[in-house]
Amino acid sequence: MDETNRKHLLDLDVAGITYTVYEDDLHQLGGYGELGYCDYMTQTIVVQYDVPMQRKAQTIIHELLHAMFLETGYDEHDEDMINRLGITLTPIVLGGELEKIREFANKDEESAGE
Ligand SMILES: [Zn+2]
């Protein structure tokens, strides 16, 4: 595989396994989805480089869901389910809803230590 256009974006911990997220020109590589893919064996998520940032983020979340299902043993899972979960999870992640839960959990921990 030609990896010359590949650029590292971030690393994601999925159940203790590090998935490395890259952007690349998937159209040039061929044989993959138009927007992204998740490779369980190489712990890699790759997204198409020349799409708007929101679409790239939505695709990373979609591929993260694939990784989550694969890491929990759902080797065969429904693409339509991943699509639907991705669409609902994207505004939760991008809108900072998870950050609210994290702050709530940390606040609870701090007050418990008083
Ligand atoms: Zn998918």
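Residues numbered from 1 in each chain as written. Predicted model: local features only at pLDDT ≥ 70, side-chain atom pairs only at ≥ 80, totals over all residues.

Visitor: I'd like a description of unusual backbone geometry, backed by residues and values.
Guide: You will see that Ala 15, though not glycine, has its phi angle at about 55 degrees, which is positive. Along the chain, Ala 15 falls in the loop between β1 (7-14) and β2 (17-24). By C-beta crowding, Ala 15 is classed as exposed, having 9 other C-beta atoms within 10 Å. Within the chain, Gln 43 stands out as a residue other than glycine whose phi angle is a positive 55 degrees. Along the chain, Gln 43 falls in the loop between β3 (36-39) and β4 (44-48). (Helix = DSSP H or I, 4+ residues; strand = E, 2+ residues; numbered from the N terminus. Buried ≥ 20, exposed ≤ 12 C-beta atoms within 10 Å, placed from the backbone.)

Visitor: Talk me through the sheet that holds β1; I want residue IDs and the actual numbers.
Guide: Spatially, the 4 strands line up as an open sheet ordered β1-β2-β4-β3, and their pairing is mixed. Each of the sheet's edge strands pairs with one partner strand only, and the pair in question is β1 and β3. Within this sheet the neighbouring strands show an average axis-to-axis angle of 20 degrees, counted without direction. Two strands pair when backbone bridges link them, and β2 and β4 are joined in this way by 5 bridges, in the parallel orientation. Across the sheet, residue Tyr 22 finds its bridge partner in β4, namely Val 46. (Pairing = 2+ DSSP bridges. Axes fitted to C-alpha atoms, helices over the stretch in contact; angles between N-to-C directions.)

Visitor: Tell me about helix α2 (residues 53-71), residues and numbers included.
Guide: With 19 residues, α2 should reach 27 Å at 1.5 Å per residue; the first-to-last C-alpha distance of 26 Å fits that figure. Within α2, the full set of buried residues consists of Gln 58, Thr 59, Ile 60, Ile 61, His 62, Glu 63, Leu 64, Leu 65, His 66, Ala 67, Phe 69 and Leu 70. Summarising the contacts, the buried residues of α2 are in contact with β1, β2, β3, β4 and α3 (79-94). Where α2 ends, the next residue or the one after it, Gly 73, has phi of about 95 degrees, a positive value. (Expected span 1.5 Å × (residues − 1). Contact = placed C-beta atoms within 7 Å.)

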